[in-house]
Amino acid sequence: MPRYRPHVAARPSWRCRVCGAAWPCSPARLALLGEYREDRISLLVYLATVHHEAAGDLAGQVDNDRLCDRFLTGARAR
């Protein structure tokens, strides 16, 4: 039986340690939505915080508007 490995970010690249996709990858988004399903505001605060850290690590490498979309779009209410 395969062991579950959480999809977490590798810093300073902000790529997933498991799948290598830009973090938060799809599995990370799903896990975060499940973890924070009862508290969307806390999820947005958490993602805004890590977005700020990623913006510092990726300054000059990734456009900040695209980075903001990458971190916050999946957490918005549907």
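Note: the structure precedes this text.
All figures in this text were calculated on a predicted structure; none of them were measured in a lab. (Residues numbered from 1 in each chain as written. Predicted model: local features only at pLDDT ≥ 70, side-chain atom pairs only at ≥ 80, totals over all residues. Heavy atoms only, no water.)

Visitor: Give a detailed account of the nonpolar core, specifying residues and quantitative values.
Guide: Ranked by internal contacts, the top residues of the largest apolar core, which has 17 residues, are Trp14, Trp23, Leu47 and Phe71. Only helix 1 (26-35), helix 2 (40-57) and helix 3 (64-72) provide two or more residues apiece to this core. Among the elements that take part in this core, helix 2 stands out by supplying four residues, more than any other. Apart from residues lying up to four places away in sequence, Leu47 is in contact with Leu32, Phe71, Leu72 and Ala75. (Core = buried A, V, L, I, M, F, W, Y, C linked by side-chain atoms within 4.5 Å. Buried < 20%, exposed > 50% of the residue type's maximum accessible area, 1.4 Å probe, protein only. Helix = DSSP H or I, 4+ residues; strand = E, 2+ residues; numbered from the N terminus. Contact = heavy atoms within 4.5 Å.)

Visitor: For the packing of aromatic side chains, give the residues involved together with the corresponding values.
Guide: Applying the stated criterion across every chain, the model contains four aromatic pairs. Each ring, one from Tyr36 and one from Tyr46, has its centre 6.2 Å from the other, and the planes form 15 degrees; the classification is stacked. Linking Tyr36 in the loop between helix 1 and helix 2 with Tyr46 in helix 2, this pair joins segments that are 10 residues apart in sequence. Taken together, Trp14, Trp23 and Phe71 form an aromatic cluster joined through their ring pairs. (Phe/Tyr/Trp six-rings, centres within 6.5 Å; stacked < 30°, edge-to-face > 60°.)

Visitor: Would you mind going over the pattern of salt bridges in detail, with residue names and values included?
Guide: By the definition in use, this model includes two salt bridges. Note that Glu53 and Arg11 form a salt bridge whose closest N and O atoms lie 3.3 Å from each other. Of this pair, Glu53 sits in helix 2 while Arg11 sits in the loop between strand 1 (9-10) and strand 2 (15-16), placing them 42 residues apart in sequence. Residue classification places Arg11 among the partly exposed positions, given a relative accessible area of 47%. With a closest N to O distance of 2.8 Å, Arg11 and Asp57 form a salt bridge. Highlighted residues: Arg11 in the loop between strand 1 and strand 2 and Asp57 in helix 2, separated in sequence by 46 residues. Through salt bridges that share partners, Arg11, Glu53 and Asp57 make up one connected network. (Salt bridge = Lys/Arg side-chain N within 4 Å of Asp/Glu carboxyl O.)

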